[in-house]
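Topology and contacts: notes
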Amino acid sequence: MGFSTIAIHAGNEPDPTTGAVSVPIYQTSTYAQEGLGKHKGFEYARTQNPTRMALEKNIAALEGARFGFAFASGMSAIDAVLKLVKAGEHVILSDNTYGGTFRLFDRVLSNYGVEFDLVDTTDVSNVDKAFKKNTKMVFVETPTNPIMAITDLRAVSEVAHYHGAKVVCDNTFMSPYLQRPMEFGVDIVVHSTTKYLNGHSDSVGGFVALNDEEDAKWIGFIQNSVGAILSPFDSFLVLRGTKTLALRMERHDANGRAVASFLAEHPKVEKVYYPGLPSHPQHELAKRQQRGFGGMISFETGSLEKAKIVLENVRLCTLAESLGGVETLICHPATMTHASVPKEKREKLGITDGLVRISVGIEDVEDIIEDLERALSKL
Ligand SMILES: *Cc1c(COP(=O)(O)O)cnc(C)c1O
């Protein structure tokens, strides 16, 4: 079956009680039992909830995974995956990862004896060299935020498996419509469903998809033991969101390409970071690994003052953190999403004071371009 068919039908069976075509929001904390030990498979809603379970089937199917678990946020999903790692074990982490992921390793997991090294995973030989005797996991994000560097998922998976380690990929920026990491050997996929999967900027959530039965048992055990579950209402929203994922991603991708080409030709723009441009150093890899290039673009204006002028003169594009919603959002990584990264490290990663990031929405692209044109004309 094709992606859109799976998106609309996986997990979305008519409700057994009423035939409701949309999975209801089962807003309940517990379930009546017929007698001691006699129940319908539902005991307590932290452990089982039909709305959440429908979503778990749905996104697992979209990633081509056997098992899926929905969490209260992307961060709680990532935290659950890192509970596969024990004190004294080591993780190789993409050096350009989402700030919250870095903070989780740096400020939280380090207190519990989890070792990690930041590695530029865009060159697989760096990954190979970073392995230690106690390395259990390689955690990558591709493309990275905000400079859209790409990691070769097949190459990294081969190296990691040779060393007996698991590979985790944060697939938030692409969504399963544009990239399916498991097809390249990745073991575990994580998502912030807050972004493209829900797609409407009205819910915070996270997801873990995987195939290994033992690991899945543990992730399920953690989900129930720690309890960072996705609520029934949010599960409903994300389930509704994934029904249009293919359509939305097609449009994000088409609009993204058009906006990137416009920016690349604009005399006031010094540099554009978008894997769909032939000038992107990993354009060929992006073409191999992704079904499209998506809606995330960053561009260099040259200075903080210039970035400020652009950000203060857009009208349609909304100045805000986050991404992946239907509306175009624009932000300033150095002072917003990456403010906690020390300036020196930021500059090394290419996150300069003049860098502006856009999450291109699904509005009419001429309107987005006109808005950017007006703001850039003030420079
Ligand atoms: C937003 C984001 C996260 C964190 O997800 P939350 O839902 O905000 O907890 C993790 N990884 C990436 C790539 C993200 O963009």
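About the criteria used
Residues numbered from 1 in each chain as written. Predicted model: local features only at pLDDT ≥ 70, side-chain atom pairs only at ≥ 80, totals over all residues. Heavy atoms only, no water. Axes fitted to C-alpha atoms, helices over the stretch in contact; angles between N-to-C directions. Helix = DSSP H or I, 4+ residues; strand = E, 2+ residues; numbered from the N terminus. Parallel < 35°, antiparallel > 145°, perpendicular 65-115°, else oblique. Left-handed = near helix turned anticlockwise from the far one by under 90°. Contact = heavy atoms within 4.5 Å. Nonpolar A, V, L, I, M, F, W, Y, C, P; charged D, E, K, R; others polar. Core = buried A, V, L, I, M, F, W, Y, C linked by side-chain atoms within 4.5 Å. Buried < 20%, exposed > 50% of the residue type's maximum accessible area, 1.4 Å probe, protein only. Domains from an automatic or database assignment. Buried area = accessible area lost by both parts, 1.4 Å probe. Salt bridge = Lys/Arg side-chain N within 4 Å of Asp/Glu carboxyl O. Polar contact = N/O pair within 3.5 Å; in protein donor to acceptor, adjacent residues only side chain to side chain. Near = heavy atom within 4 Å. Areas by Shrake-Rupley, 256 points an atom, 1.4 Å probe, with all protein chains shown as cover. Pairing = 2+ DSSP bridges. Phe/Tyr/Trp six-rings, centres within 6.5 Å; stacked < 30°, edge-to-face > 60°. 1 Å grid on protein atoms, 1.4 Å probe; cavity = no way out; pocket = protein on both sides within 12 Å on 5 of 7 lines; lining within 4 Å. Points joined across faces, edges and corners; volume = space filled by probe spheres on them.

Description of the packing of helix α12 (residues 304-313) against helix α14 (residues 365-377)
Two quantities define a packed helix pair, namely the angle between the helix axes and the distance between the axes. Here α12 crosses α14 at 135 degrees, and the two axes come no closer than 8 Å. The orientation of α12 with respect to α14, classified from their angle, is oblique. Crossing handedness for the pair α12 and α14: right-handed. Taken together, the residues of α14 that come into contact with α12 (itself represented by Ile309, Val310 and Asn313) are Arg374, Ala375 and Leu376. Tallied by class, residues from the contact of α12 with α14 come to 4 nonpolar, 1 polar and 1 charged.

A word on the nonpolar core
In terms of nonpolar packing, the biggest core is built from 50 residues, with Leu55, Val127, Phe131, Val138, Tyr177 and Leu245 touching the most fellow members. The two domains that each donate at least three residues to this core are domain 1 (3-242) and domain 2 (246-376). Counting residues in hydrophobic clusters, the runner-up holds 28 residues, among them Ile297, Phe299, Cys317 and Val360.

Let's talk about the packing of helix α3 (residues 74-82) against helix α4 (residues 99-108)
Taken N-terminus to C-terminus, the directions of α3 and α4 make an angle of 40 degrees; their axes are 10 Å apart at the nearest point. One finds that α3 runs oblique with respect to α4. Relative to α4, the crossing made by α3 is right-handed. Facing α3, whose interface residues are Met75, Ile78, Asp79 and Leu82, α4 presents Gly100, Thr101, Leu104 and Phe105.

What to know about the domain arrangement of the protein
Once the domains are mapped, the protein shows domain 1 (3-242) and domain 2 (246-376). Using C-alpha coordinates to define each centre, domain 1 is positioned 26 Å away from domain 2. With 36 residues of domain 1 at the contact, the number on the domain 2 side is 37 residues. Buried area between domain 1 and domain 2, summed over both chains or domains, comes out near 3100 Å², and the portion from carbon and sulfur atoms is 58%. At the boundary of domain 1 with domain 2, the tally comes to 1 salt bridge. Close ionic contact of Arg288 with Asp152 constitutes a salt bridge, the shortest N to O distance being 3.9 Å. There are 15 residue pairs in polar contact (both at pLDDT 80 or more) connecting domain 1 and domain 2. Where the side of domain 1 that touches domain 2 is concerned, the elements lending two or more residues are α1 (3-9), α6 (153-162), α7 (175-178) and α9 (232-243). Per-element tally for the side of domain 1 that touches domain 2: the top contributor is α7, with 3 residues.

Describing the site of the ligand
Taken together, 15 residues lie near the ligand, and Gly74, Asp170, Ser192, Thr194 and Lys195 sit nearest. The protein chains hide 91% of the 390 Å² of surface that the ligand would expose on its own. When residues of the shell around the ligand are assigned to their parent elements, the largest contribution, 3 residues, is made by α3. Classifying every residue of the shell around the ligand gives 6 nonpolar, 6 polar and 3 charged.

As for the pairing of strand β7 (residues 206-210)
The element β7 is largely enclosed, with a buried count of 5 among its 5 residues. Of the two faces of β7, both are covered, the one formed by Gly206, Val208 and Leu210 as well as the one formed by Phe207 and Ala209. For strand β1 (residues 67-71) and β7, the ladder comprises 5 bridges, and the chain directions are antiparallel. Bridge pairing in β7 places Gly68 opposite Ala209. Inspection of the sheet shows strand β6 (residues 188-192) paired to β7 by 5 bridges, in the antiparallel sense. Bridge pairing in β7 links His191 to Phe207.

Describing the sheet that holds strand β9 (residues 296-300)
Read across the open sheet, the 5 strands follow the order β8-β9-β12-β11-β10; overall the sheet is mixed. Two strands in the sheet have a free side with no partner beyond their single neighbour: β8 (271-273) and β10 (318-319). Sitting on the sheet, helix α10 (residues 245-265) touches β8, β9 and β12 (355-359), and the angle it makes with β9 is about 10 degrees.

Focus: the packing of aromatic side chains
On inspection of all chains with the given rule, the structure shows 7 aromatic pairs. When the ring of Trp218 is compared with that of Phe221, the centres are 5.4 Å apart and the planes differ by 20 degrees; the resulting orientation is stacked. Taken together, the positions of Trp218 and Phe221, both in helix α8 (residues 213-226) and 3 residues apart, correspond to about one turn of that helix. Classification of Phe221 as partly exposed rests on a relative accessible area of 49%. With centroids separated by 6.3 Å and ring planes inclined at 65 degrees, the aromatic side chains of Tyr274 and Phe293 adopt a geometry described as edge-to-face. Placement of the pair is Tyr274 in the loop between β8 and α11 (283-289) and Phe293 in the loop between α11 and β9, with a sequence separation of 19 residues.

Digging into empty space enclosed by the protein
Rolling a probe over the atoms, with the probe sized like a water molecule, indicates the empty space that remains. Going through the model one piece at a time under the given rule, you end up with 2 cavities of 30 Å³ or more. For the largest cavity, the full set of lining residues is Asp95, Asn96, Thr97, Gly99, Phe102, Asn145, His338, Val341, Lys345, Leu349 and Ile351. Residue composition of the lining of the largest cavity, by class: 4 nonpolar, 5 polar and 2 charged. Mapping the lining of the largest cavity onto the domain boundaries places at least three of its residues in each of domain 1 (3-242) and domain 2 (246-376). Forming the walls of the second largest cavity are Pro143, Met148, Phe173, Met174, Pro275, Phe293, Gly294, Gly295 and Met296. In the lining of the second largest cavity, the residues fall into 7 nonpolar, 2 polar and no charged. Both domains that furnish three or more residues to the lining of the second largest cavity are identified here as domain 1 (3-242) and domain 2 (246-376).

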